[in-house]
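What follows is the residue order along each chain.
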Amino acid sequence: QVQLVESGGGLVQPGGSLRLSCAASGFTFSSYGMYWVRQAPEKGLEWVSAINTGIGSTYYADSVKGRFTISRDNAKNTLYLQMNSLKSEDTGVYYCAKDPGDVATMIFGSWGQGTQVTVSS
């Protein structure tokens, strides 16, 4: 069965960095577009970033553009999110998700359990 397991979250000071990982199994990872989605406390889901298959074109929400970098290692079946210059508003639970996906409706093929990121001094 499809499994997506996020890791790498934690507490970091404003301006700091974290790298999230998402270990995928149960499907052909290289054949699927992948996403990072987050949910801030008492707020709705927000699409953060996406990466497609093939050459791995990447896409970012305006709120994280220039600070976050999505990448994938198909040999390791792992998705990454490098987060730099973190702000308090980046606090939330971060989920990885797989295609089929629709960022307008936040409906995705599968989700992980999420990893907590807290940006605070």
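Preceding this paragraph is the structure being described.
Heads up: these notes are all about the structure in this document. Values in this document were obtained by computation on a predicted structure and should not be read as measured data.

Rules used in this analysis
Residues numbered from 1 in each chain as written. Predicted model: local features only at pLDDT ≥ 70, side-chain atom pairs only at ≥ 80, totals over all residues. Heavy atoms only, no water. Core = buried A, V, L, I, M, F, W, Y, C linked by side-chain atoms within 4.5 Å. Buried < 20%, exposed > 50% of the residue type's maximum accessible area, 1.4 Å probe, protein only. Helix = DSSP H or I, 4+ residues; strand = E, 2+ residues; numbered from the N terminus. Contact = heavy atoms within 4.5 Å. Disulfide = S-S within 2.5 Å. Phe/Tyr/Trp six-rings, centres within 6.5 Å; stacked < 30°, edge-to-face > 60°. Lys NZ or Arg CZ within 6 Å of the ring centre and 35° of its normal. Salt bridge = Lys/Arg side-chain N within 4 Å of Asp/Glu carboxyl O.

Right, let's talk about the nonpolar core for a bit. Core analysis: the biggest nonpolar cluster contains 32 residues, and W36, F68, L79, L81, M83 and Y94 have the highest contact counts within it. Broken down by secondary-structure element, the contributors of at least two residues to this core are β3 (18–25), β4 (34–39), β5 (45–51), β7 (68–73), β8 (78–83), β9 (92–102) and β11 (115–119). Once you skip the residues sitting within four places of it in the chain, M83 turns out to touch G16, S17, L18, L20, R67, F68, Y94 and V117.

The next subject is the state of the cysteines. In total, this model carries one disulfide according to the counting rule given. Here C22 connects covalently by a disulfide to C96, the sulfurs 2.0 Å from one another. Between C22 and C96, the disulfide has an S-S torsion of 45° and is therefore right-handed. Placement of the pair is C22 in strand β3 and C96 in strand β9, with a sequence separation of 74 residues. An identical accessibility class is assigned to C22 and C96; each is buried.

On to the packing of aromatic side chains, then. Applying the stated rule across the entire model yields five aromatic pairs. Ring-pair connections join several aromatic residues into one group, and the members of that group are Y35, Y95, F108 and W111. The ring of F27 has K98 sitting right over it, with the charged end atom 5.0 Å from the ring centre.

With that settled, the discussion passes to the pattern of salt bridges. Taken as a whole, this structure holds four salt bridges when the rule is applied. A salt bridge links D90 to R67; its shortest N-O distance comes to 2.7 Å. Taken together, the residues D90 in the loop between β8 and β9 and R67 in the loop between β6 (58–60) and β7 connect sequence positions 23 residues apart. Taken as a pair, D90 and R67 share a single burial class, namely buried. The network of salt bridges with shared partners includes R38, E46, R67 and D90.

Cis geometry is found at the peptide bond from D99 to P100, where omega equals 5°. Inspection of the secondary structure puts P100 in strand β9. The phi torsion at E42 lies on the positive side, around 60°, for a residue other than glycine. Its place among the elements puts E42 in the loop between β4 and β5. Overall, E42 belongs to the exposed group, its relative accessible area being 86%. The phi torsion at M106 lies on the positive side, around 60°, for a residue other than glycine. As for its placement among the helices and strands, M106 is situated in the loop between β9 and β10 (107–111).

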